[in-house]
Amino acid sequence: MAVCCDLEVDVNGEETFLLDKKIICSFSGRLSKLFGKSTSAKRNKVIFHDFPGGAENFELMSRFCYNNGKIDINPSNISLLYSAAQFMEMDKSGSGNCNLLEKTKKSIEELSYWTWPDILVALKHCQDLEQVETSSGILEKCLDSLVGRLAMTSEASPCASTSSPDSSGFRLSCDTRSTKSLKNSFSRATWWFEDISVLNPNLIEMLIKSMVSREYNHVIISRFLFYYQKARFYSASSDEKRKVLEIVIDMLYTLDPSSISCKSLFGILHVVQSLNTRKSSRNKLESMIGSQMDQATLDNLLIPSPYGKSYLYDVNLVLRFLKAFLHGRGWQLSPMQMKKVASLIDLYIAEVAPDPCLKSSKFLALVMALPNSARDSWDELYHTMDIYLEVHTGLSEEEKMKICCALNYGKLSTEACIHLSQNAKFPSKSAVQALIFQQLKLKNLLQGANNTKLYTDSPCNFTETRDKAKKDKASEQIVLFSGRLDISADNEKLRAHLQGMQWRVMELEKICKKMLTQMAKITKSKVSSHSTARSLPRLCS
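The residue count restarts for each chain, going from 1 along the sequence in the order it is written. Selection of residues for local features in this predicted model requires a pLDDT of at least 70, selection of side-chain atom pairs for listing and counting requires 80 or more, and totals for whole chains, interfaces and linings are taken over all residues. Remark: hydrogens and water are excluded; side-chain values derive from all non-hydrogen atoms of the structure.

Visitor: Can you lay out the overall build of the protein chain for me, pointing to particular residues and giving the numbers?
Guide: Think of it this way: any DSSP run of H or I at least four residues long counts as a helix, any run of E at least two long counts as a strand, and we number them from the N terminus. Looking only at helices and strands, one finds 28 helices and 3 strands in the protein chain. Residue burial is assigned from relative accessible area. The probe radius is 1.4 Å, only protein chains are included, and a residue is buried under 20% of its type maximum, exposed over 50%, and partly exposed in between. With 541 residues in all, the protein chain has 45% of them scored as buried. Put simply, 72% of the contacts in the protein chain that link residues at least 6 apart link residues at least 24 apart. Accessible surface area values rest on a Shrake-Rupley calculation with a 1.4 Å probe, where residue burial reflects the displayed protein chains alone. Of the roughly 28,900 Å² of accessible surface on the protein chain, 52% is carried by carbon and sulfur atoms. Throughout, a residue-residue contact means that at least one pair of heavy atoms, one from each residue, lies within 4.5 Å.

Visitor: Lay out unusual backbone geometry with the relevant residues and their values.
Guide: Phi at N12 is positive, roughly 55 degrees, even though this residue is not glycine. For N12, the location among the structural elements is in the loop between β1 (7–11) and β2 (15–19).

Visitor: Please provide a residue-by-residue account of the side chain of E286, values included.
Guide: Relative to the helices and strands, E286 is located in helix α17 (residues 279–291). When residues no more than four places from it in sequence are discounted, the contact partners of E286 are L317, R320, F321 and A324.

Visitor: Help me get a handle on the packing of α17 against helix α19 (residues 315–326), residues and values and all.
Guide: For every element, the axis is a line fit to its C-alpha atoms; helices are fit only across the contacting stretch, and the angle between N-to-C directions ranges from 0 to 180 degrees. Between α17 and α19, the least distance of the axes is 7 Å, while the angle of their chain directions is 65 degrees. Between α17 and α19, the angle is such that the two are roughly perpendicular. In the packing of α17 onto α19, the handedness of the crossing is right-handed. Contacts from E286, S287, I289 and G290 of α17 reach α19 at L317, R320, F321, A324 and F325. Oblique is the label for any angle not under 35 degrees, not over 145, and not in the 65 to 115 range, which are roughly parallel, roughly antiparallel and roughly perpendicular in turn. What makes a crossing left-handed is the near helix being turned counterclockwise from the far one by less than a right angle; a clockwise turn instead makes it right-handed.

Visitor: I'd like a description of the confidence of the model for the protein chain, backed by residues and values.
Guide: Taken residue by residue, the protein chain gives an average pLDDT of 78. The fraction at 70 or more is 72%. Across the chain, each position has a pLDDT score giving the predictor's confidence in that residue, from 0 to 100. Averaged over each element, pLDDT in the protein chain is lowest for helix α27 (residues 473–484) (40) and highest for helix α18 (residues 298–301) (96). This model gives residues 154–179 a pLDDT under 50, and the stretch forms 30 contacts once residues within four places in sequence are excluded. Confidence drops under a pLDDT of 50 for residues 532–541, and excluding neighbours within four residues, the segment shows 0 contacts in the predicted structure.

Visitor: Which residues make up the environment of F17, and what values do they have?
Guide: Inspection of the secondary structure puts F17 in strand β2. Among the residues examined, F17 registers a relative accessible area of 10% and is labelled buried. Those residues within four positions of F17 in sequence are excluded, and the remaining contacts are L7, E8, V9, V11, A55, F58 and E59.

Visitor: Describe the packing of aromatic side chains, naming the residues involved and giving the relevant values.
Guide: The description of two aromatic rings rests on the distance between their centres and on the angle between their planes. Two rings belonging to Phe, Tyr or Trp (six-membered ring only in the last case) form a pair when the distance between their centres is within 6.5 Å. Interplanar angles under 30 degrees mark stacking, angles over 60 mark edge-to-face geometry, and anything in between is tilted. Scanning all chains against the criterion turns up 17 aromatic pairs. Judged by centre distance (5.6 Å) and plane angle (70 degrees), the ring pair of F27 and F64 falls under edge-to-face. Of this pair, F27 sits in helix α1 (residues 21–27) while F64 is found in helix α3 (residues 54–66), placing the two residues 37 residues apart along the sequence. Each member of the pair F27 and F64 is classed as buried. Note on W192 and F193: the rings are 4.8 Å apart at their centroids and 80 degrees apart in plane angle, and the pair reads as edge-to-face. Each member of the aromatic cluster is reached from another via a ring pair, and the members are W192, F193, Y216, F224, Y227 and Y228. A positively charged side chain is recorded as over a ring if its NZ (Lys) or CZ (Arg) lies within 6 Å of the ring centre. The angle to the ring normal must also be within 35 degrees. When the ring centre of F35 is taken as reference, the NZ or CZ atom of K21 above it lies at 5.0 Å.

Visitor: Quick rundown of the pairing of β1? Include the residues and the values.
Guide: Most of β1 sits inside the fold, with 5 of its 5 residues counted as buried. Burial along β1 is two-sided: the residues L7, V9 and V11 and E8 and D10 are all buried. A pair of strands counts as paired when DSSP detects no fewer than two bridges linking them. Bridge count between β1 and β2: 5 bridges; the pairing is antiparallel. Across the sheet, the residue bridging to V9 is F17, located in β2. Between β1 and β2, which pair antiparallel one after the other, the connecting turn spans 3 residues, and N12 there sits at a positive phi close to 55 degrees.

Visitor: With reference to specific residues and values, describe the nonpolar core.
Guide: Buried residues of nine kinds, namely Ala, Val, Leu, Ile, Met, Phe, Trp, Tyr and Cys, make up a nonpolar core once their side-chain atoms join them within 4.5 Å. Counting 132 residues, the largest nonpolar core has W192, I196 and L252 as the members making the most contacts within it. Here the element with the most residues in this core is helix α20 (residues 335–352); it accounts for 8 residues. What L252 contacts, discounting residues up to four positions off in sequence, is S222, L225, F226, I260, L265, I268 and M288.

Visitor: Please provide a residue-by-residue account of the pattern of salt bridges, values included.
Guide: The salt bridge definition used is simple: a Lys or Arg side-chain nitrogen within 4 Å of an Asp or Glu carboxyl oxygen. All told, the structure shown has 14 salt bridges when counted by the stated rule. A salt bridge links E8 to K45, with the shortest nitrogen-to-oxygen separation between them at 3.8 Å. Within this pair, whereas E8 is found in strand β1, its partner K45 is found in strand β3 (residues 44–48), the two being separated by 37 residues in sequence. Here D239 and R242 are joined by a salt bridge, their closest N and O atoms 2.4 Å apart. Within this pair, D239 and its partner R242 are both found in helix α15 (residues 238–252), separated by 3 residues, close to a single helical turn.

Visitor: Please set out the sheet that holds β1 residue by residue, giving values where relevant.
Guide: In sheet architecture, strand pairing relies on hydrogen bonds along the backbone and comes in two forms, parallel and antiparallel. The sheet built from 3 strands is open, its strands ordered β2-β1-β3 with mixed pairing. Two strands bound the open sheet, and with one partner strand each, they are β2 and β3. Direction aside, the axes of adjacent strands within the sheet are offset by 20 degrees on average. Sheet strands touched by α3: β1, β2 and β3. Its angle to β2, the strand with the most contacts, is close to 10 degrees.

Visitor: For helix α13 (residues 201–213), give the residues involved together with the corresponding values.
Guide: Here, expected helix span is obtained from the residue count minus one, scaled by 1.5 Å. Compared with an ideal rise of 1.5 Å per residue, which puts 13 residues at 18 Å, α13 spans 18 Å between its outermost C-alpha atoms and is within 8% of the ideal. Considered for burial, the residues of α13 that qualify are P201, L203, I204, L207, I208, S210 and M211. Residue E215 follows α13 closely and has a positive phi angle near 60 degrees.

Visitor: Could you give an account of the packing of helix α21 (residues 360–367) against helix α22 (residues 379–391), naming the residues involved and the relevant values?
Guide: Where α21 contacts α22, the two axes come as close as 12 Å, and the packing angle between them is 175 degrees. Comparing the axis directions of α21 and α22 gives the class roughly antiparallel. Contact residues: S360, F363 and V367 in α21; L381, T384, M385 and Y388 in α22. Grouping the constituent residues of the contact of α21 with α22 by class yields 5 nonpolar, 2 polar and no charged. Gly falls in the polar group here, along with every residue not listed as nonpolar (Ala, Val, Leu, Ile, Met, Phe, Trp, Tyr, Cys, Pro) or charged (Asp, Glu, Lys, Arg).

Have a look at this one:
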């Protein structure tokens, strides 16, 4: 039988096919419309530039036509055949009852009966066919079936995954799983990580969105995303890495913050800094890290400054973390979280303070980033300021005063105040302010410190403190004395005055505490004696 080859088809420039026009046109509505009822013996040529699946899929479609509409439709070719059938219009109008589009649709409807590896194979062939994603239900149904099976975390993983032809290494047989008795629930919940990691970022995004909508365990999702990022990085190009990172960050941002590992977020941050990821993804990552600042460590925060910057550590990044921590996604901060972050930031400031390139404005921003209520004591910050002023000897008096104004004198210990009064690196006015606040503490202690509010909210408001202190005689004497001090006079003489007064304050504090202790004992003794007397029985007269 002579073979007729009157149709030449160029498929995407990959390969040219010589076909029988009559056979192909009997199944393809697209070619049938193109040639109409032409009976020309001349060979025709058709060029396709965007045939789905390329030459391999065109050959598959041609075999269907030459086999009189018979072909084995399976998970590895269903997406290809469906896309080819749509492209060539192989529906009822072109081939009557024996049409490829109808056959593939029927196979898709039976997807719920497929095994786990069958679904994975179909998804892997789908991920390169955008036409399938937009027009057929196969992708959505595959993902829906996949998520439905993953939701059954209480069951053992399907052993059929060992038959996935394209999956690599990590496979445990049924015997192995049964002998180890599925060691713990976490291993049962994460068995699928490697199987799914072969999918491209776009499919992963669709999968995670589906899992979140079904309220799948966020902890497991977050662990998978970190696993996926590492797994895809082994052989990926820079562009592919950037795409993976952006998808991973965007998906992590949709999860409950408490389900995400802070350590892993910092791991991603180090990778992000080496890739040109989009700004929105970087902002989301910083926001997630900021929301977990109470889980961070000092080593996490010691991030080198960007290339070209003179200072050692990226202070601006830490300031953005703190902003996200304080003004994050609407959660309520507990006092314990605030104090924990304050302790961490105090350590960080002490670490960056010796940097000779650290500007005073950045140092001040770090000191003032958290509210006063976050710290019970400012002694550590005072000593850090001392180090900063010692290293940065070129600061102007105005810059020094700005730094000193950030110091909360009301939360300094007596020892720290004495040290400040002797500290030549600090402006003299700071020593006077420290003295005033210590004497106000003594006054409040004498009057009953529990019922008196210290002026600690605004440490630099020297004038306001002085005006309030004038309301009683004791405070008036303190302020008038400090007002008579000539701050422009010899600093050493002034500091000697202040030191003497500080020692006097300490002595008075000791006497006051001793008196209060004795009064408490006397009061307790009287109450005890009175109670005993009442409890004795009345004697007969």
